[in-house]
Amino acid sequence: MASSDKHDKRFNWVQDTWKFVRSYVGQRDHLAHHQINSYDRFVQDKVAQIVDRANPIRLHFDYDTEINAYRHRLLITLEEPGFGVPIVRTASGCRVPITPHHARCHKNTYAADLIVDVRIQTTVVTSRRHADDTREDGPPPRVETNETFVSGYRLGSIPVMVNSCLCATRGKSPEETLECVKDPGGYFIVNGTEKVLV
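Computed from a predicted model, the values in this text were never measured in an experiment.

**Q** Would you mind going over the overall build of the protein chain with me for this structure?
**A** Across its full length, the protein chain carries five helices and seven strands. If you list the helices and strands of the protein chain from N to C, you get α-α-α-β-β-β-α-β-β-α-β-β. Out of the 198 residues belonging to the protein chain, those deemed buried represent 27%. Of the contacts made within the protein chain by residues no fewer than 6 positions apart, 65% connect residues no fewer than 24 positions apart. Of the roughly 13,900 Å² of accessible surface on the protein chain, a fraction of 55% belongs to carbon and sulfur atoms.

**Q** I keep staring at the pairing of strand S2 (residues 69-89) and nothing clicks. Help me out?
**A** A regular strand carries its side chains on alternate faces of the sheet. Bridging between strand S1 (residues 57-64) and S2 involves seven bridges; their strand directions are antiparallel. From the neighbouring strand, Leu59 faces S2, where its bridge partner is Leu74. For S2 and strand S4 (residues 111-126), the ladder comprises 12 bridges, and the chain directions are antiparallel. Directly across from Arg73, in S4, lies its bridge partner Thr123. With three bridges joining them, S2 and strand S3 (residues 95-97) adopt antiparallel strand pairing.

**Q** How do you make sense of the environment of Val88 when you look at a structure like this?
**A** Inspection of the secondary structure assignment puts Val88 in strand S2. Take Val88: its relative accessible area is 12%, and that puts it in the buried class. The sequence separation of Val88 and Asp113 amounts to 25 residues, and the corresponding C-alpha distance is 9.9 Å. The residues contacting Val88, other than those within four sequence positions of it, are Cys94, Arg95, Val96, Ile98, His102 and Asn108.

Rules used throughout
Residues numbered from 1 in each chain as written. Predicted model: local features only at pLDDT ≥ 70, side-chain atom pairs only at ≥ 80, totals over all residues. Heavy atoms only, no water. Helix = DSSP H or I, 4+ residues; strand = E, 2+ residues; numbered from the N terminus. Buried < 20%, exposed > 50% of the residue type's maximum accessible area, 1.4 Å probe, protein only. Contact = heavy atoms within 4.5 Å. Areas by Shrake-Rupley, 256 points an atom, 1.4 Å probe, with all protein chains shown as cover. Pairing = 2+ DSSP bridges.

Purely spatial values, then, with no claim about function.
Written as structure tokens, this is what we have:
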């Protein structure tokens, strides 16, 4: 009896193959699902990790041998990276929300802004010595530090994958978005042309 049970659970290539194919092809987004999940993971987690790894950005210039330090130092920290809605910039400079359909019809790139908060710390070091002062142990240099915070700075833009978490069509009906019901997404629109990464 055990051998017949074992035999019954084996894969029947004639019957089971087509059951498997129908169940796989019957899913709406079976070909694009892995692309969309990968892109979503990138924009939701990886972009923030990349920004964190780059922090802080240190810039310094105008080295002064007299005080043994750079006169000007900048410490730039990017915080809270996020994305805006997909937009297009018009000829007049206006920013208008865009859908994949609009991007295709008007030969636009379907993209969203990468927005960060920026904290800038500026340090200026100046010598207190006079030109005619020759003493080794003169007064210490003056250090002035100023901090500026800029909220919602547009760092750049990133192409939006159709049907991803950044897509304007996500969660809307095809009638609202003018998209094809059978369109699984998983591709980008660059200058009105659909582009897919393989």
